[in-house]
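Each chain is listed here by its residues.
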Amino acid sequence: MKFATLNVTSMLQYIVAVNAVEADLLCCQEVTLLRCKRAQAEEYLRNWCCHWGPPPPGRLCRSSGSRSTTNAANGGLCTLVQRPIPAYDTLAALSHVALRSPDRVSHTVVATGTGSTFVHVFNVYCPSGNGRAENEEREDMLEKVLFAAADSLGDVPILVMGDLNTEEDRSPVLRKALRNGWSDAAELHHARTGNTPPPPTFTSARTSGTRIDRILLNRIAACAFRQCVTTAVNVPGHRLVTVTLDIAALRQSVWRFKVPREIPTEGGSKWDLSEAEADREAVQRLANSEFAERLAAQRVEEAWLEWSRVSERYLQDAFAVPVEERGRGTGRGMKTLPRRVCVTAGTATDGSGAANSRQLRLRKAIHRMERICSYLAQRRGPEAVPHEVSLCWQNCKRLAQACMVGDQGAGGFPDHEKAKQLLTALREETSRLGREGSAARFTKYRDKLNERADASRRCLATVCAGRAEPSGMLRTGAKMTANVDEMDEVLHTAWDAILRKYKDRPEPEYGPFRDRFQEHIDTHLMEPGTITGEELRTLLRKKPKKSASGVDGWRMAELRELPLPLLNALADVMNLVEVTGVWPASMTTALVSMVPKDESQDPLHTRPITVTSAVYRLWACRRLADIVLWQEKWIEEGQKGFRPGHRIEDVLMEIGLEMEDALLDGEPLYGVALDFRKCFDMVPREIVLRLAGT
């Protein structure tokens, strides 16, 4: 799909060139048309659907001092969309943004592909001139469009197109935007092909041109970028800038794990049982199951699945999970396989974001009122109102009165006109609350920026300092990709050489290593004790409730609510795993998320974050206490990290004393700092495991 922008300087004068543009959407600036002459342009542009921006001011008459009602001085916006592509104009994102010149920005939403993916296009014509007032208005407009309006829309594909009348070396806002999630189409084209499109703006044949006509893409839209082309058209001073987006890239088929729905342990209605009664209930459920038989037969997988089934059912009964909702909340302990699902960038409406209780009531009332209006539209003459419709009206009336919307009085069932009036009032109130919520979020966002303003008085700053933005694409050589399958291949190619270093060659043997470092290897046996349910309960009380779940579906908040008999049974499963050396299948699979360290989009500049099973983490935490005691038998005294009674301050104190001693004695002091790249990922595992076994 092609998106283009062009400063036409005069729509009617160059309408032939505009009509000949080959694009699906064209943003025009400086159309210089008032309302009375727009119909004349639409008569010629029959293949386009014209979305006009706010009308510009009329031309000033010097003699009378009044403005013309037929001719515009300059400015004016028009977004042309090829028929029959669905598109509509909206002020939702700009309603809470106080622009000094609202006629210089328009917002159009375009449906793409099958209609399920929407691209938000901002047509912008910034003030020209280099005066202080023009610069301040230009910076204010760019800040509010690139950050305030875009922030209110959420994580959706957004394009800002038009004549910005500035370049990044003169605009702090534009520089900040290009460093914080926004991309210039020309730079993306250069990154993909190595070629930069010619500048779209020129003043004469002697100048090289400038790049004040731009197309900016947010992170989501940049994932679908394919190319940027600058084309000469029959318009003086400006060239046509066109970008091509692969809408299919915004809707991809990805692998996704499905885990059971969380049991509402927070705020849910729990059994009113004493601890002793809960223990007896758990013991009875275990006795009625096949858990003991499978545990005695040392069938680890079967014992684990039976324990998960009994514990899951216990929690569902304890927290009164409705029967109709239990289907999506079962399956804990099983190894779930990923499945293919189609995903796309989400879209936000005027009332998006967190909703308060009043908004929720209004939405419920709107849904019921729409049902009533549909019934009244199909009603044939006087007839008895069905009971379910009458009940729906009573509920809707109660909700509207609670939210103080409309004047219902004590009347009976409404007619069609009164119902439509109430529906309109409900929608307007909901829209108003949504705008207020968006304004509040923007105010909070702006306050954060102001708090982080540095000494150079730059007007924008990164809100989440130290946290890299999740990368929507990866770079391999000169190529960039946002396709999920291609990104997976790029990551495997880069990381397999590290994580699977010995895939195609034998791993170093332990024998030569032992012979070389025998004098440094000591034998100290570790004597771990048996795991008990009471120990697991103590550890669970220290664990955060919001910890992520693994493939097996168990969450820390759910494990915390289990009674002691079920935790004793879980401890028996853990002890059986250590005896047999066999783990349940769901605990041998971990989810790895590659979190970017910076904005370089290099696959090796990502950090693999691994999420294992919550039960496995609980077992590892229990055994870690034994390992900490065991390592004190052989660890070097100079090692301070991860040791009870030792801190980093001990190292700093020793180095500080040595530095003071060297300064007092006048002797040189040298130090070497070594940082091995991907050190722990490249350690031969076989040697480490054999050393631990000694």
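Residues numbered from 1 in each chain as written. Predicted model: local features only at pLDDT ≥ 70, side-chain atom pairs only at ≥ 80, totals over all residues. Heavy atoms only, no water.

J.: What am I meant to see in the overall build of the protein here?
T.: Helix and strand counts for the protein stand at 20 helices and 20 strands. Counting every position in the protein, which comprises 694 residues, the buried fraction comes to 41%. Summarising the internal contacts of the protein: among those between residues at least 6 apart in sequence, 70% fall at separations of at least 24. (Helix = DSSP H or I, 4+ residues; strand = E, 2+ residues; numbered from the N terminus. Buried < 20%, exposed > 50% of the residue type's maximum accessible area, 1.4 Å probe, protein only. Contact = heavy atoms within 4.5 Å.)

J.: Whenever I open this one, helix α11 (residues 387-402) confuses me. Can you help?
T.: Over its 16 residues, α11 runs 23 Å from end to end, which matches the ideal 22 Å to within 8%, given 1.5 Å per residue. All buried positions along α11 are accounted for by Val389, Cys392, Trp393, Cys396, Lys397, Leu399 and Ala400. Down the axis of α11, the buried side of the element spans an arc of 165 degrees, and every buried residue falls inside it. Away from its buried face by more than 90 degrees, α11 exposes His387 and Ala402. (Expected span 1.5 Å × (residues − 1). Arc of directions from axis to C-beta.)

J.: So what exactly am I meant to see when it comes to the packing of aromatic side chains here?
T.: One pair of aromatic rings is described through two measures. These are the centre distance and the angle between the planes. This structure, assessed with the given rule, holds eight aromatic pairs. Residues Tyr510 and Phe513 carry aromatic rings whose centres are separated by 6.5 Å and whose planes lie at 35 degrees to one another, so their mutual orientation is tilted. Highlighted residues: Tyr510 and Phe513, both in helix α14 (residues 510-516), separated by three residues, approximately one helical turn. For Phe513, a relative accessible area of 25% gives the class partly exposed. Summarising the aromatic geometry, the rings of Trp630 and Trp634 are spaced 5.4 Å apart at their centres and angled 65 degrees between planes, so their arrangement reads as edge-to-face. Members of the aromatic cluster, each reached through a chain of ring pairs, are Trp304, Trp307 and Trp554. Lying over the aromatic face of Trp554, Arg332 brings its terminal NZ or CZ to 5.7 Å of the ring centre. (Phe/Tyr/Trp six-rings, centres within 6.5 Å; stacked < 30°, edge-to-face > 60°. Lys NZ or Arg CZ within 6 Å of the ring centre and 35° of its normal.)

J.: I would appreciate a short explanation of the pairing of strand β9 (residues 117-125) in the present structure.
T.: Along a regular strand, successive side chains alternate from one face of the sheet to the other. Burial analysis of β9 places eight of its nine residues in the buried class, the great majority of the element. In the sheet, strand β8 (residues 105-112) pairs with β9 via eight bridges, with the strands oriented antiparallel. Residue pairing for β9: Thr108 is matched across the bridge by Val121. Alignment of β9 against strand β10 (residues 158-163), held across six bridges, turns out to be parallel. Across the sheet, the residue bridging to Val124 is Gly162, located in β10. (Pairing = 2+ DSSP bridges.)

J.: Is there a simple way to think about the environment of Val233 in this case?
T.: By the secondary structure assignment, Val233 is in the loop between β13 (225-231) and β14 (240-245). The residues touching Val233, leaving out its near neighbours within four places in the chain, are Leu6, His238 and Leu240.

J.: In this structure, what is going on with the sheet that holds strand β7 (residues 87-89)? I would like to understand it.
T.: Backbone-to-backbone hydrogen bonds pair the strands of a sheet. The strands run either parallel or antiparallel. The six strands are arranged β7-β8-β9-β10-β12-β11 in an open sheet whose pairing can be described as mixed. Whereas interior strands pair on both sides, the edge strands pair on one side only; in this sheet they are β7 and β11 (183-184).

J.: Where do I start with the sheet that holds strand β6 (residues 77-82) in this structure?
T.: Here six strands make up an open sheet; going across it, the order is β3-β6-β2-β1-β14-β13 and the pairing mixed. On the outer flanks of this sheet lie β3 (48-52) and β13, each paired with one strand and no other. Each strand of the sheet is rotated relative to its neighbour by a mean of 15 degrees, with strand direction disregarded. As defined by bridge partners, strand β1 (residues 2-7) adjoins strand β2 (residues 25-29) across five bridges and the pair is classed as parallel. Its bridge partner being in β2, Leu6 is matched across the sheet by Cys28. (Axes fitted to C-alpha atoms, helices over the stretch in contact; angles between N-to-C directions.)

J.: Could you clarify how one ought to interpret the pattern of salt bridges in this entry?
T.: Oppositely charged side chains may form a pair once their charged atoms are brought near each other. Tallied over the entire structure, the rule returns 26 salt bridges. Residues Arg285 and Asp317 are paired through a salt bridge, measuring 2.9 Å at the closest nitrogen-oxygen approach. On the criterion of sequence distance, the pair formed by Arg285 in helix α7 (residues 275-287) and Asp317 in helix α9 (residues 300-318) is long-range, its members being 32 residues apart. Taking the relative accessible area as the measure of exposure, Asp317 reaches 18% and is therefore buried. Asp515 is paired through a salt bridge with Arg514; the nearest N and O atoms lie 3.5 Å apart. What emerges from the salt-bridge pattern is a single network uniting Glu290, Arg294, Arg299, Glu302, Glu306 and Arg309. (Salt bridge = Lys/Arg side-chain N within 4 Å of Asp/Glu carboxyl O.)

J.: Just to check I follow, could you spell out the side chain of Ser183 for this structure?
T.: Mapped onto the elements of the fold, Ser183 is located in strand β11. Non-local contacts of Ser183, meaning those with residues more than four positions away in its chain, are made with Leu178, Leu188, Ile215, Leu216, Leu217 and Ala222.

J.: Sorry, what's going on with the nonpolar core here?
T.: Note on soluble globular proteins: their nonpolar side chains tend to be buried together. Core analysis: the largest hydrophobic core is formed by 34 residues, its most contacted members being Trp304, Trp307, Leu559, Leu566, Leu570, Met574 and Val615. Listed by contribution, the elements that provide at least two residues to this core are α7, α9, α15 (533-542), α16 (556-560), α17 (564-580) and α18 (614-631). Discounting chain neighbours no more than four positions away, the residues touching Trp304 are Gly333, Asp552, Trp554, Leu570, Val573, Pro584, Ser586, Met587 and Val615. (Core = buried A, V, L, I, M, F, W, Y, C linked by side-chain atoms within 4.5 Å.)

J.: I keep staring at unusual backbone geometry and nothing clicks. Help me out?
T.: Across the chain, the bulk of peptide bonds are trans and the bulk of non-glycine residues have phi less than zero. Despite not being glycine, Ala320 shows a phi value in the positive range, around 55 degrees. If you trace the backbone, Ala320 turns up in the loop between α9 and β16 (339-344).

J.: Before we go on, may I ask you to explain the confidence of the model for the protein in this structure?
T.: Atom-level detail of predicted coordinates should not be read off regions where pLDDT is low. Averaged over every residue, the pLDDT of the protein is 80; residues scoring 70 or more account for 83%. With pLDDT under 50 throughout, residues 346-352 is counted as low confidence; its partners more than four residues away or in other chains account for 16 contacts. Note that pLDDT drops below 50 for residues 452-471; the model gives that stretch 28 contacts with residues more than four away or on any other chain. (pLDDT = per-residue confidence, 0-100.)

J.: I would appreciate a short explanation of a negative patch on the surface in the present structure.
T.: Where like charges cluster on the molecular surface, the negative patch consists of Glu658, Glu660, Asp661, Asp665 and Glu667. Examined against the element boundaries, Asp661 turns out to sit in helix α19 (residues 648-665). Its relative accessible area of 45% is what places Asp661 among the partly exposed residues. (Patch = residues over 30% accessible without salt bridge, like charges linked within 9 Å, V, L, I, M, F, W, Y side chains within 5 Å. Areas by Shrake-Rupley, 256 points an atom, 1.4 Å probe, with all protein chains shown as cover. Lys, Arg positive; Asp, Glu negative; His and termini not counted. Charge placed at Lys NZ, Arg CZ, Asp CG, Glu CD.)

J.: When you look at a nonpolar patch on the surface in this model, what are you seeing that I'm missing?
T.: On the surface, Met526, Leu624, Ile627 and Phe642 cluster together into a nonpolar patch covering about 350 Å² of accessible area. The topology assignment puts Ile627 in helix α18. Under the relative-accessibility criterion, Ile627 is labelled partly exposed at 34%.

J.: Just to check I follow, could you spell out the environment of Arg685 for this structure?
T.: Mapped onto the secondary structure, Arg685 falls in helix α20 (residues 685-693). Setting aside chain neighbours within four positions, we find Arg685 in contact with Leu499 and Glu507.

J.: Could you clarify how one ought to interpret the side chain of Arg623 in this entry?
T.: Assignment of secondary structure puts Arg623 in helix α18. According to the relative accessible area criterion, Arg623 is buried, its value standing at 9%. Polar side-chain contacts of Arg623 include one of 2.8 Å to the backbone oxygen of Gly529. Here the side chain of Arg623 touches Asp626 through a polar contact of 2.7 Å, side chain to side chain. Look past the residues within four positions of Arg623 in its chain and what remains in contact with it is Pro528, Gly529, Ile531, Asn575 and Glu578. (Polar contact = N/O pair within 3.5 Å; in protein donor to acceptor, adjacent residues only side chain to side chain.)

J.: Would you explain the packing of α9 against α17 in this entry?
T.: Two packed helices can be described by the angle between their axes and the distance between those axes. Contact pair α9 / α17: the axes reach a minimum separation of 10 Å and the direction vectors enclose 165 degrees. Of the possible angle classes, the one that applies to α9 and α17 is roughly antiparallel. Between α9 and α17 lies a crossing whose hand is left-handed. Note on element contacts: α17 touches α9 through Leu566, Ala569, Leu570, Val573, Leu576, Val577 and Thr580, opposite Val300, Trp304, Trp307, Val310, Ser311 and Tyr314. Split into classes, the residues belonging to the contact of α9 with α17 amount to 11 nonpolar, two polar and no charged. (Parallel < 35°, antiparallel > 145°, perpendicular 65-115°, else oblique. Left-handed = near helix turned anticlockwise from the far one by under 90°. Nonpolar A, V, L, I, M, F, W, Y, C, P; charged D, E, K, R; others polar.)

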